[in-house]
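Results of the structural survey
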Amino acid sequence: MEPINEALELLKRQAELEIGLRQAGGIRVTEERELYALRERLQRYPQAVTAILQAARNLNRPVDTLQPHDVRSLG
C-alpha cells in the first residue's frame, strides 16, 4: 500500500477512535490502546501525514473526508 493511502486510512481511524473516546460511556481500554498503536504506526509516514494535513488545510476540509486523489492533486 502506498504511504499516502495507508497514512490516510490511519488518520481516518484515529479520528473515529478519538470521537468514540470523547463520548459518554466510560473508559474503553482497548480503543485507547489501539489509538496509541495507531499513532506509533503513523510515525512511519511523516511526509505523508504532513501532505495529508496540508491538503486538508488547503481544501478547508476535515482529514476524514479526504481521498488519496485529493492529497495527490495538491502535491
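Above this text is the structure in question.
To keep things clear, this report deals only with the structure shown in the data block. (Residues numbered from 1 in each chain as written. Predicted model: local features only at pLDDT ≥ 70, side-chain atom pairs only at ≥ 80, totals over all residues. Heavy atoms only, no water.)

**Brief notes about the packing of helix α1 (residues 3–22) against helix α2 (residues 29–42)**
Let me state the cut-off plainly: Lines fitted to C-alpha atoms define the axes here, with helix axes fitted over just the stretch in contact, and angles between the N-to-C directions of these axes take values from 0 to 180 degrees. Here a helix means four or more residues in a row that DSSP labels H or I, a strand means two or more in a row labelled E, and each is numbered from the N terminus. Just so you know how the angles are binned, under 35 degrees is roughly parallel, over 145 roughly antiparallel, 65 to 115 roughly perpendicular, and the rest oblique. Should the near helix be turned counterclockwise from the far one by less than a right angle, the crossing is left-handed, whereas a clockwise turn marks it as right-handed. By definition in these notes, contact holds between two residues if any of their heavy atoms fall within 4.5 Å. Following the grouping adopted for this structure description, the nonpolar residues are Ala, Val, Leu, Ile, Met, Phe, Trp, Tyr, Cys and Pro, the charged ones are Asp, Glu, Lys and Arg, and the polar ones are all others, Gly among them.
Where α1 contacts α2, the axes come no closer than 10 Å and their chain directions differ by 155°. Overall, the two elements α1 and α2 adopt an arrangement that is roughly antiparallel. The handedness of the crossing between α1 and α2 comes out as left-handed. Here Glu6, Ala7, Leu10, Leu11, Arg13, Gln14, Leu17, Glu18 and Leu21 of α1 come into contact with α2, specifically with Glu31, Glu32, Glu34, Leu35, Leu38, Arg39, Arg41 and Leu42. By residue class, the composition of the contact of α1 with α2 is eight nonpolar, one polar and eight charged.

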